[in-house]
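Structural description and commentary
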Amino acid sequence: TLLTVHDLSFVRAPESASPRLRAYLDRVVPRSVRRADQVLADSQATKNDLIALYGTPADKITVLLSGVSDHFTPVRDPAQLAAVRARYKIGDAPYILAVGTVQPRKNYERLIRAVATLPAEFNAVRLVIVGGRGWLQAPIYEAVESLKMADRVVFAGFAADADLPALYSGARVVAYPSLYEGFGLPILEAMRCGVPVLTSDTSSLREVGGAAALLIDPYSIEAIRDGLIRLLRNESLRTTLIAAGVAQAQPFTWERAARQLRQVYAALL
């Protein structure tokens, strides 16, 4: 039996899942991990969690990093960028992009509050959240209403995969301040598209972003705000992180992941 564990967010960030779901996962995941002959983890951080939380032997866990599709490249065609802006009702304003399901673990409420406290020079900047509706999302929408941010926060909904490169390329910054992630693919997608990334100094995100991302404390609204200011204002920092991001994302390919997966199956058989 080969088992894949994407993350243990229901343990590390329990507030991000319903009590019923947590109870179910707390029952079945440890049992499944014990029964498996080999476990695949999406990152070293997930492997570390399996060892720390379940006492899983290290040699039973293989870290299998995800890849990034080749179609994530910078989009420079003005017509294509304008078409995507129109399709997702973004408008002409500069924007910060966040990609992921609307749910507590993505930390959108703090991100929205951070954008609300940006200096006046950034009043025209919008926050565009691309992702389908998830769970326990009511406080996120309530924050937009209470802060009177309806004209600055765009919930674009689920985006077609073909549109993502243009959505990334049109952004000034990609913000991914999740409380916990097993991997964090949007970081690498953004880097492939030549956009500076702000993400959390936690779980797998520091592993995926490395020195090519601006790492912040996801529980601090001030830290998120200050990071956004730096990436919106500091052109030298932007240039440095964009170049570093291209290099950081380069090794993450699906061909490499597939070859490694085949080796794991061969060893089991």
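Refer to the structure above for everything that follows.
So, here is what we can say about the structure in this document. Because the structure is predicted, anything quoted here is derived from the model rather than measured.

1. Things to note about the sheet that holds strand β3 (residues 61-63)
- Here we have 3 strands laid out as an open sheet, ordered β1-β2-β3, and parallel in their pairing. Two strands lie at the open edges of the sheet, namely β1 (2-5) and β3, each paired on one side alone. Pairwise comparison of adjacent strand axes, ignoring direction, gives a mean angle of 25° for this sheet.
- Summarising the sheet, strand β2 (residues 38-41) and β3 pair through 3 bridges and their orientation is parallel. The partner of A41 across the bridge, within β3, is V63.
- Against the sheet, helix α3 (residues 44-54) engages β1, β2 and β3, with an angle of about 165° to β3.

2. Examining unusual backbone geometry
- A positive phi angle, close to 55°, is found at K89, a residue other than glycine.
- With respect to the secondary-structure elements, K89 resides in the loop between α4 (78-87) and β4 (95-99).
- Look at K89 and you get exposed, because its relative accessible area is 66%.
- Even without a glycine there, the phi angle at S203 is positive, about 40°.
- Structurally, S203 can be placed in the loop between β8 (197-200) and α9 (205-209).
- On the basis of relative accessibility, which here comes to 13%, the residue S203 falls in the buried class.

About the thresholds
Residues numbered from 1 in each chain as written. Predicted model: local features only at pLDDT ≥ 70, side-chain atom pairs only at ≥ 80, totals over all residues. Heavy atoms only, no water. Pairing = 2+ DSSP bridges. Helix = DSSP H or I, 4+ residues; strand = E, 2+ residues; numbered from the N terminus. Axes fitted to C-alpha atoms, helices over the stretch in contact; angles between N-to-C directions. Contact = heavy atoms within 4.5 Å. Buried < 20%, exposed > 50% of the residue type's maximum accessible area, 1.4 Å probe, protein only.

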